[in-house]
Amino acid sequence: MESTGSVQADVIHSEGGKTITFASPRQLADPVATRALGAELAQLLRPAATSTLLLIGDLGAGKTCLVQGIARALGIDEPITSPTFALAQHYTGRHGALVHLDLYRLEQPAAADELLAQEEENARELGALLAVEWPERLSSLPGDGWRLELSLLNPTDPEQGRIAVITPPAQP
């Protein structure tokens, strides 16, 4: 993938004896590239079984599109839509499980914190990757989650693509 003109660096993170390397930032030309990034992240994070991916970005930045790529890589055949009204969706695929959480409608941080705690427990029980849209609604961002920030290259024209910046979890 192309660099955004800013310095592209490898994000390197070691966890459980495994080293994950990921180029960041990334320029994503279209929804196909966004889903491909999701598939790549699923492959990188899936071995951890209970990884959390915090998805940060404005409406239309591509968060749900990225989760669709994660789901495809996990062998989930169901259609993936934003769980804005359901708040959480659970999926099981041929290659792993996914819990998709959307905190957008929760205005009170305490309610978002409570829902995240419940879904983290569900994800642990399922051995699932947990993808959280709108983690900004929480009282604070969890330090043990991967952060992926998506922003449009041109907010008035989503067709021009987006930038993805990934940050690994804080080391204990």
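Now for a look at the structure at hand. Worth saying up front: this structure is predicted, and the values here are computed from it rather than measured.

As for the pairing of strand S4 (residues 52–56)
Thought 1: Of all five residues that make up S4, five are buried, and the element is covered over most of its length.
Thought 2: The alternating pattern of S4 places Thr52, Leu54 and Ile56 and Leu53 and Leu55 on opposite faces, both of which are buried.
Thought 3: Sheet topology note: the S4/strand S7 (residues 128–133) ladder contains four bridges and is parallel. Each bridged residue has a counterpart across the sheet, and for Leu53 the counterpart in S7 is Ala131.
Thought 4: Here S4 runs beside strand S8 (residues 146–152); their pairing, made up of four bridges, is parallel. Each bridged residue has a counterpart across the sheet, and for Leu53 the counterpart in S8 is Trp146.

Some words on the packing of aromatic side chains
Thought 1: Tallied over the full model, the rule gives one aromatic pair.
Thought 2: When the centroid spacing of 4.8 Å and the interplanar angle of 55° are considered together, the rings of Tyr104 and Trp134 count as tilted. Residue Tyr104 is located in the loop between strand S6 (96–102) and helix H3 (109–126), and its partner Trp134 is located in the loop between S7 and S8; the two are separated by 30 residues in the primary sequence.
Thought 3: Given the relative accessible area of 31%, Tyr104 is considered partly exposed.
Thought 4: Trp134 gets classed as buried once you look at its relative accessible area, which sits at 12%.

The rules behind each value
- Residues numbered from 1 in each chain as written.
- Predicted model: local features only at pLDDT ≥ 70, side-chain atom pairs only at ≥ 80, totals over all residues.
- Heavy atoms only, no water.
- Buried < 20%, exposed > 50% of the residue type's maximum accessible area, 1.4 Å probe, protein only.
- Helix = DSSP H or I, 4+ residues; strand = E, 2+ residues; numbered from the N terminus.
- Pairing = 2+ DSSP bridges.
- Phe/Tyr/Trp six-rings, centres within 6.5 Å; stacked < 30°, edge-to-face > 60°.

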